[in-house]
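Each chain, letter by letter, is given below.
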Amino acid sequence: MNTTQILALLLALSLALNLGFTVAWLAKTSGQSAPAATLIALGIVISTLGVYFAALSAYQ
């Protein structure tokens, strides 16, 4: 992997984690329990990274 690919992967990971934390916080403040908020956030993180890797494989 070259530097650009590593930076793009780090950017995608950062975006996924930020979305996960935001969604977990929103779920928790909406009245969900901590385990439910964590599962919701994990779903968002996995979906975001899945879209990134799907796009990556489509353009290679």
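See above for the structure.
Residues numbered from 1 in each chain as written. Predicted model: local features only at pLDDT ≥ 70, side-chain atom pairs only at ≥ 80, totals over all residues. Heavy atoms only, no water.

**Q** Please give an account of the overall build of the chain that cites residues and values.
**A** The helix and strand tally for the chain stands at two helices and zero strands. For the chain, the C-alpha radius of gyration of 14 Å lies well beyond 10 Å, the compact-globule estimate for 60 residues. For the C-alpha atoms alone, the extent of the chain along its principal axes is close to 45 × 20 × 15 Å. When each of the 60 residues of the chain is scored for burial, the buried share is 18%. (Helix = DSSP H or I, 4+ residues; strand = E, 2+ residues; numbered from the N terminus. Rg over C-alpha atoms; globule rule 2.2 N^0.38 Å. Buried < 20%, exposed > 50% of the residue type's maximum accessible area, 1.4 Å probe, protein only.)

**Q** Can you explain the packing of helix α1 (residues 3-29) against helix α2 (residues 34-58)? Please cite residues and give values.
**A** For the pair α1 and α2, the least separation of the axes is 8 Å and the interaxial angle reads 155 degrees. Classified by the angle their axes make, α1 and α2 are roughly antiparallel. Judged by the twist between their axes, the crossing of α1 over α2 is right-handed. Of the residues in the contact of α1 with α2, the class split is 19 nonpolar, three polar and one charged. (Axes fitted to C-alpha atoms, helices over the stretch in contact; angles between N-to-C directions. Parallel < 35°, antiparallel > 145°, perpendicular 65-115°, else oblique. Left-handed = near helix turned anticlockwise from the far one by under 90°. Nonpolar A, V, L, I, M, F, W, Y, C, P; charged D, E, K, R; others polar.)

**Q** A description of the side chain of T48 should follow, citing residues and the corresponding values.
**A** Considering the arrangement of structural elements, one finds T48 in helix α2. A distance of 2.8 Å separates a polar side-chain atom of T48 from the backbone oxygen of I44. (Polar contact = N/O pair within 3.5 Å; in protein donor to acceptor, adjacent residues only side chain to side chain.)

**Q** Kindly report on the environment of L42, identifying the contributing residues and their values.
**A** Topologically, L42 is positioned in helix α2. The exposure class of L42 is partly exposed, given its relative accessible area of 43%. Note: C-alpha distance between L42 and Y52 (10 residues apart in sequence) is 15 Å.

**Q** Which residues make up the environment of A24, and what are the values?
**A** Mapped onto the elements, A24 comes out in helix α1. Residue classification places A24 among the buried positions, given a relative accessible area of 19%. Expressed as a C-alpha distance, the spacing of A24 and P35, which sit 11 residues apart in the sequence, is 9.7 Å. Ignoring sequence-local partners within four residues, the contact set of A24 consists of A37 and A41. (Contact = heavy atoms within 4.5 Å.)

**Q** Run through a nonpolar patch on the surface, naming residues and quoting values.
**A** On the surface, M1, I6, L7, L9, L10, L13, L17, F21, F53 and L56 cluster together into a nonpolar patch covering about 980 Å² of accessible area. When contributions to the nonpolar patch are tallied by element, the ones reaching two or more residues are α1 and α2. Along the chain, L7 falls in helix α1. Given the relative accessible area of 54%, L7 is considered exposed. (Patch = residues over 30% accessible without salt bridge, like charges linked within 9 Å, V, L, I, M, F, W, Y side chains within 5 Å. Areas by Shrake-Rupley, 256 points an atom, 1.4 Å probe, with all protein chains shown as cover. Salt bridge = Lys/Arg side-chain N within 4 Å of Asp/Glu carboxyl O.)

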